[in-house]
Amino acid sequence: VQLVESGGGLVQPGGSLRLSCAASGSTFSSYHMNWVRQAPGKERELVATITSGGSTVYAHSVKGRFTISRDNAKNTVYLQMNSLKPEDTAVYYCNAEVGPPWYEYWGQGTQVTVSS
């Protein structure tokens with residue numbers, strides 16, 4: 001499984017960005033998909049999850065501001081990020097959990113910088 005993220009960039013506080021992650025494979029609808037971020041000097045943080053059934057889970061730090069969604073026809077998962085804060089600055093990675101047996105796959109990451 002190959003994952004390719006896009007949509008990162010520089011945005012002012014309060015702004016919005018939408019990240020996309022395009023996945024390979026013919027069974028994308030069965031993948032559990034995650035967005036994970038890592039800021040400099042900090043541990044990796046699970047930001048949002050969407051299961052194969054469409055259930056979603058969010059980190060407390062982004063709840064109400066970020067929305068994860070998927071389009072199985074396009075093999076793509078999205079992360080809509082609104083009301084961005086400087087503390088959202090990080091490299092955002094797309095992660096796929098595929099199985100059983102369960103394997104994890106990672107994209108290359110996309111930089112999001114929130115700054116005035």
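In this report, the structure presented in the accompanying data block is examined. Owing to the predicted nature of the structure, the values given are computational and were not obtained by experimental measurement.

### Digging into the pairing of strand β3 (residues 17-23)
Now for step 1: For β3, the tally of buried residues reaches 5 of 7 residues, placing the bulk of the element in the interior.
Now for step 2: The sheet contact formed by strand β1 (residues 3-6) and β3 spans 4 bridges and is antiparallel. Following the sheet pairing, Glu5 is matched in β3 by Cys21.
Now for step 3: Where β3 and strand β8 (residues 76-81) come together, 6 bridges link them in antiparallel fashion. Along β8, the bridge assignment pairs Leu17 with Met81.

### Observations concerning the state of the cysteines
Now for step 1: The tally for this structure, following the rule as stated, stands at 1 disulfide.
Now for step 2: For Cys21, the disulfide goes to Cys94, at an S-S distance of 2.1 Å. Negative torsions about the S-S bond denote left-handed disulfides, and the value of about -80° found for Cys21 with Cys94 makes this one left-handed. In this pair, Cys21 is assigned in strand β3 and Cys94 in strand β9 (residues 90-98), connecting sequence segments 73 residues apart. Each member of the pair Cys21 and Cys94 is classed as buried.

### Describing the pairing of β8
Now for step 1: Burial analysis of β8 places 5 of its 6 residues in the buried class, the great majority of the element.
Now for step 2: Direction of pairing for strand β7 (residues 66-71) relative to β8: antiparallel, over a ladder of 6 bridges. The residue of β8 that forms the bridge with Ile68 is Leu79.
Now for step 3: Hairpin remark: β7 followed by β8, antiparallel, with 4 residues in the connecting loop; positive phi at Asn75, about 55°.

Cut-offs applied
Every residue gets a number counted from 1 within its own chain, in the order that chain's sequence is written. Per-residue local features are limited, in this predicted model, to residues with pLDDT of at least 70; the limit for side-chain atom pairs, both in listing and counting, is 80 or more; totals at the level of whole chains, interfaces and linings are taken over all residues. Each side-chain value is worked out from all heavy atoms of the structure, with water and hydrogens disregarded. With a 1.4 Å probe rolled over the protein chains alone, any residue whose accessible area is under 20% of its type maximum counts as buried; one over 50% counts as exposed, and the rest are partly exposed. Starting at the N terminus, helices and strands are each numbered in turn, a helix being any DSSP run of H or I of at least four residues and a strand any DSSP run of E of at least two. Strand pairing is defined by DSSP finding a minimum of two bridges between the two strands. To count as a disulfide, a pair of cysteine sulfur atoms needs to be within 2.5 Å.

Purely spatial values, then, with no claim about function.
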